[in-house]
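Secondary and tertiary structure notes
Below are the chains, spelled out letter by letter.
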Amino acid sequence: TTGGGGGTPGGSSPQLQYNNAGYFGGVSGSGVDSNGNVGIGSQTPGQVLDIAGGVRVRGTNQLLFGDDNKADIEASATTTPDMMFKTNALERMRVTTGGNVGIGTTVPRGLIEVNNAASRTDPYFIIDSVGNVGINTSSVTSNLRVNGTASVAGGLTVVGTITAQANTSISGTG
């Protein structure tokens, strides 16, 4: 409502209110321009909604994208305070309050964990809190641990000791 009509600022009217000068509730620094762009903390909004300063959203919230709302970012201060990224209503990535990032998992066990199937017990890829990397394993006990077959295309230089366990074979030409 323009001209301050429809109720007093801060009142119970459900309408957006601003005064004749274009300020919300008579407070300078906020307004609606001639194109209908809304500025909060800005008298010259450059977009449909232009906010100068921080934004605080309380409770369980979603930020939806697109006309069909098929992509969203969710955060909740009341349940799990993690941040979740979803497409087509399915969670694709999560950032926990501890800073762990999970892609394809809702409970990342390391700084970064990548998984592709809920039925897997071990992630495809994980980086633990000290920087160790695991591939196809969640038991990362060294700088690099690979569970399964690994191959190197090109050269491999080992500085230190090679310890072979179980059925290990080394072959080549040279």
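Residues numbered from 1 in each chain as written. Predicted model: local features only at pLDDT ≥ 70, side-chain atom pairs only at ≥ 80, totals over all residues. Heavy atoms only, no water.

1. Thoughts on unusual backbone geometry
Filter applied, for reference: Helix and strand definitions follow DSSP, with helices as H or I runs of at least four residues and strands as E runs of at least two, each counted in order from the N terminus.
In this model, Asn88 sits at a positive phi of 50°, which is unusual for a non-glycine residue. Examined against the element boundaries, Asn88 turns out to sit in the loop between strand 6 (83-87) and strand 7 (90-95). Positioned with a positive phi, Ala89 is a non-glycine residue whose angle comes to about 65°. Along the polypeptide, Ala89 turns up in the loop between strand 6 and strand 7.

2. Some words on the side chain of Lys86
Definition in use: Accessibility here uses a 1.4 Å probe with only protein chains present; expressed as a share of the type maximum, an area under 20% marks a residue as buried, one over 50% as exposed, and anything in between as partly exposed. For the purposes of these results, a polar contact is taken to be a pair of N or O atoms within 3.5 Å, where, inside protein, one atom must be able to donate a hydrogen and its partner to accept one; residues adjacent in sequence count only when each atom of the pair is a side-chain atom. In this analysis, two residues are considered to be in contact whenever any of their non-hydrogen atoms come within 4.5 Å of each other.
Within the secondary structure, Lys86 is located in strand 6. Looking at Lys86, the relative accessible area reads 18%, which means it is buried. A distance of 3.1 Å separates polar atoms of two side chains, one belonging to Lys86 and the other to Glu74. Beyond its immediate stretch of four places on either side in the chain, Lys86 contacts Lys70, Ala71, Asp72, Glu74, Glu91 and Arg92.

3. Thoughts on the sheet that holds strand 1 (residues 31-32)
Rule in force here: Strand pairing requires that DSSP identify at least two bridges connecting the strands.
If you walk across this open sheet you meet the three strands as 1-2-3, and the pairing is mixed. Each of the sheet's edge strands pairs with one partner strand only, and the pair in question is strand 1 and strand 3 (49-51). Sheet topology note: the strand 2 (residues 38-40)/strand 3 ladder contains three bridges and is parallel. Note on strand 3: the bridge partner recorded for Ile40 is Ile51.

4. Considering the pairing of strand 6
By the alternation rule, side chains of strand 6 split into Met84 and Lys86, which are all buried, and Met83, Phe85 and Thr87, of which none is buried. Sheet topology note: the strand 6/strand 7 ladder contains five bridges and is antiparallel. For Lys86, the partnering residue across the bridge sits in strand 7 and is Glu91. With antiparallel pairing between neighbouring strands as the criterion, strand 6 and strand 7 make up a hairpin whose turn holds two residues, including Asn88 at a positive phi of roughly 50°.

5. Details of a nonpolar patch on the surface
Let me state the cut-off plainly: Patches draw on residues past 30% relative accessible area with no salt bridge. Two like charges within 9 Å are joined, as are two nonpolar side chains (Val, Leu, Ile, Met, Phe, Trp, Tyr) within 5 Å. Note on areas: Shrake-Rupley with a 1.4 Å probe; residue coverage comes only from the protein chains shown. Here a salt bridge means any side-chain nitrogen of Lys or Arg lying within 4 Å of a carboxyl oxygen belonging to Asp or Glu.
Taken together, the side chains of Ile40, Val48, Leu49, Ile51, Val55 and Val57 make up a nonpolar region of the molecular surface, amounting to roughly 550 Å² of accessible area. Here Ile40 shows up in strand 2.

Function cannot be read off these values alone, since they describe shape.
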